[in-house]
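# Understanding the architecture of this molecule
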Amino acid sequence: MDPLFTLPKAELHLHIEGTLEPELVFALARRNKLAVPFPDVESLRAAYQFDDLVSFLGLYYSCMDVLRTEEDFADLVTEYADRAAAQGVRHVEMFFDPQAHTSRGIPLDVVMAGLTLGVERARATHGMSTGLIACFLRDRPVVEAHQTLEALAPHADALLGVGLDSAEVGYPPSLFTDVFREARGLGLRVVAHAGEEGPPSYVWEALDLLGVERIDHGVRVLEDEALVRRMAVERMPLTVCPLSNVRLRVVPDVASHALPALLSAGLVATVNSDDPAYFGGYVGDNFVALSRDLGIDRDGCALLARNSFLASFIDEDRRKELL
Ligand code: HPA
Ligand code: ZN
């Protein structure tokens, strides 16, 4: 086992639907008596090749159609937790996409019950602490985000926060100002994807209009010096996903990733896997790639792991225990 796997870490940018491995797609399809539009696991895995975010999202939304029952969602979390625990994850703040399920007729109660059962199992099996972050799909109508928040409100106690994901360019955070204000009013923590493919102005909007407490991705902040200065002063964390950025062609390879520049600029960067089943690795694999291709040494990795606990919304007693 790689020694970087044993470094205790938190994962703060993880779409639970993006942990759906091809084997599980076929297993759940069999259990739910559904057809998969690929002949076998190998041909589905071979289709995990993308030109950009939108080309990935097509397959991501189509594969998750096999998630139908409470047990399906619970099993998805269990498989992720087993893999993540083996790579040193002690705490995870997990995104899920309610609209991607409710829009195909799966009740929110089923999704919430399944995810809750899964995270309870992760706690029991691995001692892993967890939080659930419901993301609004920014490329769907804003009114749907309002309806989704209304449906989530009775589940607020089971939620850590809300986020914003899906196709970024053309869907600025400003569209969701009111939804995020309401979410904050419910006592939910708030984060948003910004600056993955979208411009630095989307990061400014996420900070100023949505009031986010972390920026998901944010690799494009380096194009705006004033933004970098502000984020450094405010110690505003970034949840960076190196293997995702390579697979979605945000950067050509890990060796040219901006992570060292983000750290040198004084930003609180963390390392995460985003959609590990699709992007070639879990969070420990991201650390290994950074060490191999960018020469980030053990101390650098320890700093990144420490940042993950500092940037988390973990309660203070647990943070002290893990730091
Ligand atoms: N970006 C935006 N939306 C997403 C992603 C991502 O990397 N993964 C799943 N939904
Ligand atoms: Zn993401």
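Model, not experiment: these values are computed from the prediction.

## Brief notes about the nonpolar core
- In this structure, I16, V77, F96, L115, V203 and A206 are the most contacted members of the largest nonpolar core, which totals 99 residues.
- For this core, the element with the most residues is helix α4 (residues 70–86), which contributes seven residues.
- Apart from residues lying up to four places away in sequence, F96 is in contact with I16, E17, V111, L115, L132, A134 and C135.

## Things to note about the site of ligand 1
- Lining the immediate environment of ligand 1, one finds H15, G18, L53, Y60, D165, S166, H193, E196, S244, D274 and D275.
- Each residue belonging to the shell around ligand 1 can be placed in one class, and the counts come to two nonpolar, five polar and four charged.

## A few points about the UniProt feature "binding site: Zn(2+)" (unreviewed entry) in the protein
- The feature "binding site: Zn(2+)" (unreviewed entry), as given by UniProt, occupies H13, H15, H193 and D274 in the numbering adopted here. Despite a sequence span of 262 residues, these residues sit close together in the fold, their greatest C-alpha distance being 11.7 Å.
- Mapping H13 onto the fold places it in strand β1 (residues 9–15).
- H13 sits in the buried class, given 29 other C-beta atoms within 10 Å.
- Leave out the neighbours within four places in its chain, and H13 touches D216, T239, C241, N272 and D274.
- Positionally, D274 belongs in the loop between β9 (269–271) and α13 (276–279).
- Exposure remark for D274: the 29 C-beta atoms within 10 Å place this residue in the buried category.

Cut-offs and rules
- Residues numbered from 1 in each chain as written.
- Chains lettered and ligands numbered in written order.
- Predicted model: local features only at pLDDT ≥ 70, side-chain atom pairs only at ≥ 80, totals over all residues.
- Core = buried A, V, L, I, M, F, W, Y, C linked by C-beta atoms within 7 Å.
- Buried ≥ 20, exposed ≤ 12 C-beta atoms within 10 Å, placed from the backbone.
- Helix = DSSP H or I, 4+ residues; strand = E, 2+ residues; numbered from the N terminus.
- Contact = placed C-beta atoms within 7 Å.
- Near = placed C-beta within 6 Å.
- Nonpolar A, V, L, I, M, F, W, Y, C, P; charged D, E, K, R; others polar.
- UniProt positions renumbered as here; feature names shortened; annotations may be inferred.

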